[in-house]
Amino acid sequence: MPKMKTHSSLKGRFKITGSGKVRRYKANRNHLLSHKSNRRKRVLANSPVAYAGDVSRMKQQLANLK
């Protein structure tokens, strides 16, 4: 049986915490930041936990990330 491979596009978009939760990044924080307010950029900088319905599928695709 071959090894499970990590889904390459998900490696940079999600991280698995020490307790096993999946953290995601918010959109609109990559470019064109000059016209966005400091408060908006600060709120977007937080990385919340991913939605519960998606976690089981993402953990399977992020199998080798620890």
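Keep in mind it's a predicted model, so treat the numbers as computed, not measured. Residue positions are counted from 1 within each chain, in the order its sequence is given. Since the coordinates come from a predicted model, pLDDT governs what is reported: local features require at least 70, and pairs of side-chain atoms require 80 or more to be given and counted, while whole-chain, interface and lining totals use all residues. Only hydrogens and water are removed before side-chain values are computed, so all heavy atoms of the structure are retained for them.

### Section: the overall build of the protein
Scanning the protein from terminus to terminus reveals three helices and two strands. When the helices and strands of the protein are read in sequence order from the N terminus, they spell out α-β-β-α-α. What you see for the protein is a C-alpha radius of gyration of 15 Å, clearly larger than the 11 Å of a compact globule of 66 residues, by over 25%. Each principal axis of the C-alpha distribution contributes one length, and for the protein these read about 50 × 20 × 20 Å. Helix and strand definitions here come from DSSP, where helices need a minimum of 4 consecutive H or I residues and strands a minimum of 2 consecutive E residues; each element is numbered from the N-terminal end. All radius of gyration figures rest on C-alpha atoms, and the globule criterion is 2.2 Å times the number of residues raised to 0.38.

### Here's the deal with unusual backbone geometry
The backbone phi angle of Asn28 is positive, close to 70°, even though this residue is not glycine. Mapped onto the elements of the fold, Asn28 is located in the loop between β2 (22–24) and α2 (38–45). When accessible area is computed with a 1.4 Å probe and restricted to protein chains, residues below 20% of their type maximum are described as buried, those above 50% as exposed, and intermediate ones as partly exposed. Taking relative accessible area as the criterion, Asn28 reaches 48% and is therefore assigned partly exposed. With a phi angle near 55°, Leu32 is a residue other than glycine that sits in the positive phi range. Of note, Leu32 is situated in the loop between β2 and α2. For Leu32, a relative accessible area of 57% puts it in the exposed group.

### Comments concerning the pattern of salt bridges
By definition here, a salt bridge exists when the distance from a side-chain nitrogen of Lys or Arg to a carboxyl oxygen of Asp or Glu is within 4 Å. According to the stated counting rule, one finds one salt bridge in the structure shown. For Asp54, the salt bridge identified is with Arg57, shortest N-O distance 3.5 Å. Here the residue Asp54 and the residue Arg57 both occupy positions in helix α3 (residues 52–61), the gap between them amounting to three residues, near one helical turn. On the basis of relative accessibility, which here comes to 47%, the residue Arg57 falls in the partly exposed class.

### Looking at the environment of Phe14
Relative to the helices and strands, Phe14 resides in strand β1 (residues 14–16). Here the alpha-carbon distance between Phe14 and Lys59, two residues 45 residues apart in the chain, equals 10.0 Å. We call two residues in contact whenever any of their non-hydrogen atoms come within 4.5 Å of each other. Those residues in contact with Phe14 that lie beyond four places of it in its chain are Val22, Arg23, Arg24, Tyr25, Met58 and Leu62.

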